[in-house]
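Inside the fold
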Amino acid sequence: MNLRTPRLHLIPINLELAQTLMKNSLAFYYMYQIPWNKNWPHPGLKALLPIYSEKLERDETEVGFGPWVIMDINGDHVIGDIGFKGKPDDNGIVEIGYHIVASERNMGFASEAVDHLCQWAFKDPEVKGVEAQCDKNNIASQKVLINNGFYHTKRDRNVLVFKKVKNVKYTESKKKKEL
């Protein structure tokens, strides 16, 4: 279920990979034969992995609706991570988040990864929209979302919420062409 973009390779974190990253992140770098980056996994991902692992132990279909590793297309190094905070809710909404290591920022990697992960999510008939939360001062992240067709929906103190909805007409016309 890996995704490839023109410059990126996105790898969904399964239970084995989550456990490897939790126990010994250096083992991940050894497994992929890539240079160690002391800035990844970042603290937010480290905190999420135990919760995500428990979800995977109960339901293997969570894979894809959790974190993904972002690597360069050749698999030479880690660029960051992206992912959802679980399967679609009762309204068909999934929440996306992403983190690019500092040395890889401002090169369009986040925009490329968000675009392709949203495309992947919208193939699921249960997904109707994707939301993202962003600090009001994080202009770069806001640009990533706006450039990917998200629109601002609300503000809660210092957090802005953005949303992108599935293009129903596009999806229906694509299905008709496939028939």
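Before going into details, it helps to say that this report is about the structure given with it.

About the cut-offs
Residues numbered from 1 in each chain as written. Predicted model: local features only at pLDDT ≥ 70, side-chain atom pairs only at ≥ 80, totals over all residues. Heavy atoms only, no water. Phe/Tyr/Trp six-rings, centres within 6.5 Å; stacked < 30°, edge-to-face > 60°. Helix = DSSP H or I, 4+ residues; strand = E, 2+ residues; numbered from the N terminus. Buried < 20%, exposed > 50% of the residue type's maximum accessible area, 1.4 Å probe, protein only. Disulfide = S-S within 2.5 Å.

1. Regarding the packing of aromatic side chains
Between two aromatic rings, the relevant description is the distance of the centres plus the angle of the planes. On inspection of all chains with the given rule, the structure shows seven aromatic pairs. Their ring planes at 45 degrees and their centres at 6.0 Å tell us that phenylalanine 65 and phenylalanine 84 sit as a pair that is tilted. Separated by 19 residues along the polypeptide, phenylalanine 65 in the loop between α3 (43-58) and β3 (67-72) and phenylalanine 84 in strand β4 (residues 78-84) bring together distant segments of the chain. Take phenylalanine 65 and phenylalanine 84: they sit in the same class, and that class is buried. Seen in terms of ring centroids, phenylalanine 65 and tryptophan 120 are 5.2 Å apart; in terms of plane orientation they differ by 55 degrees. Their pairing is tilted. In this pair, phenylalanine 65 is assigned in the loop between α3 and β3 and tryptophan 120 in helix α4 (residues 109-122), connecting sequence segments 55 residues apart. In this structure tryptophan 120 comes out as buried when scored by relative accessible area, which is 17%.

2. Some remarks on the state of the cysteines
Applying the stated criterion across every chain, the model contains zero disulfides. Cysteine cysteine 134 shares no disulfide, and the gap to the nearest cysteine sulfur, in cysteine 118, comes to 14 Å. Here cysteine 134 falls in the buried class, since its relative accessible area comes to 3%.

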